[in-house]
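Overview (structure and organization)
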Amino acid sequence: MSEQTADGTESVTDGEKRGGFPRFRHTPAGPDFGRFVEAMRRLQDLAVSTNVPDDVLADIATQAEELADRLTPYEVPEGKSPAGSNIQLPGRGSLLMLPWMVEKFDTEGVRSTGVFRRYHLGGNGAAHGGVLPLLFDDVFGMTVHAGGRPISRTGYLHINYRAITPLNTQLVIEGKVDRVEGRKTFVSARLTDLDGKLLADGEALMIELLPGQP
Ligand SMILES: CCCCCCCCCCCC(=O)SCCNC(=O)CCNC(=O)[C@H](O)C(C)(C)COP(=O)(O)OP(=O)(O)OC[C@H]1O[C@@H](n2cnc3c(N)ncnc32)[C@H](O)[C@@H]1OP(=O)(O)O
């Protein structure tokens, strides 16, 4: 059972095992949304990889401010943007997420492929160590969801960095549910290149939310 709230989301009762999580309705991405997100990703890549002369940068900064001003009137609450819920787009259409595509999403697990880009550079050509947990955490969230487990939050997340993770190289991550103990879902995932070389592996505890837990 669920009931409508003023902001258009639905608060859901415990029978649906969503804790205090609202059920957000899917906001479909329009025809240009994927293009828009990719353009923003290019800007992020360029923002960390260019050295622009001051006079040119002053103009570019003004243009960036104008773009932000154009977007501002369209701000919406959580759950009302296409960002994050459009699984057919890289990173589900969220600029925060790695621009990876979900290729498998079922009870056996989740498989996602993609590249780390210049924006994700740590040092000496390798991906920043902080972006791997983002990728793993998101895959774990999807793995729990695909596995039909109740809505859960990450209790812990452990990553083993086994080899340098290269930029601009097609990689794959596969996550699965290892076991379930009451509210606790133990999940694991492996990040490899297309030759199967292990770059990182990880495990996490995902904990089912209790009634009212946000
Ligand atoms: C298509 C689109 C899909 C889209 C899907 C995409 C979704 C992305 C999902 C991302 C998920 C996140 O990142 S969530 C954001 C990051 N995580 C958080 O912010 C969580 C913050 N923490 C919390 O809110 C709380 O700790 C809870 C609600 C998780 C748990 O609190 P609680 O209800 O009081 O539970 P508690 O009794 O402490 O613990 C329950 C059991 O777990 C054990 N436990 C708890 N923490 C730990 C721990 N770190 N290490 C070991 N064990 C632990 C306890 O011992 C206990 O075991 P036993 O005694 O029962 O045996």
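Note that this is a predicted model, so its numbers are computed, not measured. (Residues numbered from 1 in each chain as written. Predicted model: local features only at pLDDT ≥ 70, side-chain atom pairs only at ≥ 80, totals over all residues. Heavy atoms only, no water.)

A few words now on the pattern of salt bridges. In a structure, side chains of opposite charge can pair up when their charged atoms sit close to one another. Counting across every chain of the model gives 10 salt bridges. A salt bridge links R111 to E103; the nearest nitrogen and oxygen atoms lie 2.9 Å apart. Classification of R111 by relative accessible area gives partly exposed; the value is 29%. Residue classification places E103 among the partly exposed residues on the basis of a relative accessible area of 49%. K104 serves as the salt-bridge partner of D106, at 3.4 Å between the closest nitrogen and oxygen. Residue classification places D106 among the partly exposed positions, given a relative accessible area of 31%. (Salt bridge = Lys/Arg side-chain N within 4 Å of Asp/Glu carboxyl O. Buried < 20%, exposed > 50% of the residue type's maximum accessible area, 1.4 Å probe, protein only.)

In the neighbourhood of the ligand, 16 residues make up the surrounding shell, with D137, T154, R183, K184 and Q213 lying closest. G155 is positioned such that a nitrogen or oxygen atom in its backbone is 3.4 Å from a nitrogen atom of the ligand. Coverage of the ligand by the protein amounts to 50% of the 1300 Å² it exposes when considered alone. Listing elements by their share of the shell around the ligand, those giving two or more residues are α3 (131–146), β7 (152–161) and β10 (198–208). (Near = heavy atom within 4 Å. Polar contact = N/O pair within 3.5 Å; in protein donor to acceptor, adjacent residues only side chain to side chain. Areas by Shrake-Rupley, 256 points an atom, 1.4 Å probe, with all protein chains shown as cover. Helix = DSSP H or I, 4+ residues; strand = E, 2+ residues; numbered from the N terminus.)

What follows covers a negative patch on the surface. Together, D59, E65, E66 and D69 make up a region of like negative charge exposed at the surface. Mapped onto the fold, E65 is located in helix α2 (residues 54–71). (Patch = residues over 30% accessible without salt bridge, like charges linked within 9 Å, V, L, I, M, F, W, Y side chains within 5 Å. Lys, Arg positive; Asp, Glu negative; His and termini not counted. Charge placed at Lys NZ, Arg CZ, Asp CG, Glu CD.)

Turning to the sheet that holds strand β3 (residues 101–106), a few remarks are in order. Read across the sheet, 6 strands follow the order β3-β4-β8-β9-β10-β7 without closing on themselves; strand pairing throughout is antiparallel. Edge positions in the open sheet fall to β3 and β7, since each of these has one partner strand only. Across this sheet, the average inter-strand angle for adjacent strands is 15 degrees, counted without regard to direction. Note: strand β9 (residues 184–193) against β10, 9 bridges, orientation antiparallel. Across the sheet, the residue bridging to V187 is A204, located in β10. (Pairing = 2+ DSSP bridges. Axes fitted to C-alpha atoms, helices over the stretch in contact; angles between N-to-C directions.)

Turning our eyes to something else, we now look at the side chain of N86. Position of N86 among the secondary structure elements: in the loop between α2 and β3. Relative accessible area serves as the criterion here: at 2%, N86 is assigned to the buried category. At a separation of 2.8 Å, a polar atom in the side chain of N86 contacts the main-chain carbonyl oxygen of P82. Other than its neighbours up to four places away in sequence, N86 contacts H26, T27, P28, A29, R92 and G93. (Contact = heavy atoms within 4.5 Å.)

Looking at where T192 falls in the secondary structure, it is placed in strand β9. In this structure T192 touches L171, V172, K197, L198 and L199, once residues within four positions along its chain are discounted.

Honestly, that's just the spatial picture; any functional story needs more than this.
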